[in-house]
Each structure stands twice: as C-alpha cells, then as structure tokens.
Amino acid sequence: MDWMLLPYKRYAEFTGRSRRMEYWMFTLFTTIIVLLLVGLMLAGGFDLASLDNPNAPPPEPGPLFWLGAGSLGIWALATFIPGLAVTIRRFHDRDMSG
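Thresholds applied
Residues numbered from 1 in each chain as written. Predicted model: local features only at pLDDT ≥ 70, side-chain atom pairs only at ≥ 80, totals over all residues. Heavy atoms only, no water. Helix = DSSP H or I, 4+ residues; strand = E, 2+ residues; numbered from the N terminus. Buried < 20%, exposed > 50% of the residue type's maximum accessible area, 1.4 Å probe, protein only. Contact = heavy atoms within 4.5 Å. Areas by Shrake-Rupley, 256 points an atom, 1.4 Å probe, with all protein chains shown as cover. Expected span 1.5 Å × (residues − 1). Phe/Tyr/Trp six-rings, centres within 6.5 Å; stacked < 30°, edge-to-face > 60°. Axes fitted to C-alpha atoms, helices over the stretch in contact; angles between N-to-C directions. Parallel < 35°, antiparallel > 145°, perpendicular 65-115°, else oblique. Nonpolar A, V, L, I, M, F, W, Y, C, P; charged D, E, K, R; others polar. Polar contact = N/O pair within 3.5 Å; in protein donor to acceptor, adjacent residues only side chain to side chain.

Asks: I keep staring at the overall build of the chain and nothing clicks. Help me out?
Replies: Helix and strand counts for the chain come out as three helices and zero strands. Evaluated residue by residue, the chain yields a buried proportion of 24% over its 98 residues. Here the analysis covers contacts within the chain between residues at least 6 apart in sequence; of these, 63% occur between residues at least 24 apart. When the accessible area of the chain is evaluated, it comes to approximately 6,800 Å², of which 69% is carbon and sulfur surface.

Laid out in structure tokens, this is it:
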C-alpha cells in the first residue's frame, strides 16, 4: 500500500527518480478507483422503462450517476499533478528527460 500512496507523499516533486514498483502500483491504484467510480456511474444509470413509450422524454441519469461523475472529476483533478510527477520521475529513472 505504501507504493500506491508514495506519489501523493511526493505530490509535486518532479526531481529524482521513481522505481517501477512505485509507478505501476500508483497506476494500478488509480485504475481501481476509476473503475469503481465508473461502476457507480453505471449503477445509477438511466431509467430504461421510459424507452418503451415513444412519447416519453429521453431518460435522464439518476443521482447516483451524478455522484459518481462528480467524484470522478474531483479524483481526476486530485490525481493529475501526482500522476504527472511520478511519470516524469519514472522517465528520469530510465535516463530520459521529463
């Protein structure tokens, strides 16, 4: 679990190096969270019963969808800088410029 959270501890540190384990565990952690939030959005999906009636208005997403979408947006904003920093540090470990 430490490897997954290490990029958040080194939030905006673009110097130095990151090992493979740190990079891939952070990527795995981020992917798991995104999949959970997308699952939450799909669980609060659309009311498909209204599709039977052609005169009904188009289905609207439920509140659970918007909760997942808002959480996903906040997660994307909170993860952007650490994700960029860990990627640049990983480039440094491979003797590439960030």
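Asks: It is not clear to me how helix H2 (residues 20–43) should be interpreted in this structure. Could you clarify?
Replies: Residues spaced three or four apart along an α-helix point in a common direction, a consequence of the helix completing one turn every 3.6 residues. An ideal rise of 1.5 Å per residue puts 34 Å on 24 residues; H2 measures up with 34 Å between its terminal C-alpha atoms. Within H2, burial applies to Glu 22, Phe 26, Phe 29, Thr 30, Leu 37 and Met 41. If you follow the buried residues of H2, they end up packed against helix H1 (2–9) and helix H3 (63–93).

Asks: Whenever I open this one, the packing of aromatic side chains confuses me. Can you help?
Replies: The geometry of two aromatic rings is summed up by the distance between their centres and the angle between their planes. This model, assessed by the stated rule, comprises five aromatic pairs. Aromatic side chains Tyr 23 and Trp 24 sit 5.0 Å apart centroid to centroid with 80° between the ring planes, which places their arrangement in the edge-to-face category. Note on Phe 29 and Trp 75: the rings are 5.9 Å apart at their centroids and 70° apart in plane angle, and the pair reads as edge-to-face. Of the two residues, Phe 29 sits in helix H2 while Trp 75 sits in helix H3, which places them 46 residues apart along the sequence.

Asks: Looking at this model, I keep getting lost on the side chain of Thr 30. Mind explaining?
Replies: Position of Thr 30 among the secondary structure elements: in helix H2. Discounting residues that sit within four places of it in the chain, Thr 30 has contacts with Trp 75 and Thr 79.

Asks: How should the environment of Leu 64 be read in this particular structure?
Replies: Note that Leu 64 resides in helix H3. A sequence separation of 22 residues divides Leu 64 from Leu 42, and the C-alpha atoms of the two residues are 8.5 Å apart.

Asks: Can you help me understand the packing of H2 against H3 in this one?
Replies: Helices that pack against each other are described as a pair by the angle of their axes relative to one another and the distance between those axes. Direction vectors running N to C along H2 and H3 enclose 170°, while the axes themselves pass 9 Å from each other. On the basis of their axis angle, the class for H2 and H3 is roughly antiparallel. Residues that form the contact of H2 with H3 fall into these classes: 18 nonpolar, six polar and four charged.

Asks: Sorry, what's going on with the environment of Thr 27 here?
Replies: Checked against the element boundaries, Thr 27 lands in helix H2. Taking relative accessible area as the criterion, Thr 27 reaches 25% and is therefore assigned partly exposed. Expressed as a C-alpha distance, the spacing of Thr 27 and Gly 83, which sit 56 residues apart in the sequence, is 8.2 Å. One polar contact links the side chain of Thr 27 to the main-chain carbonyl oxygen of Tyr 23, over a distance of 2.9 Å.

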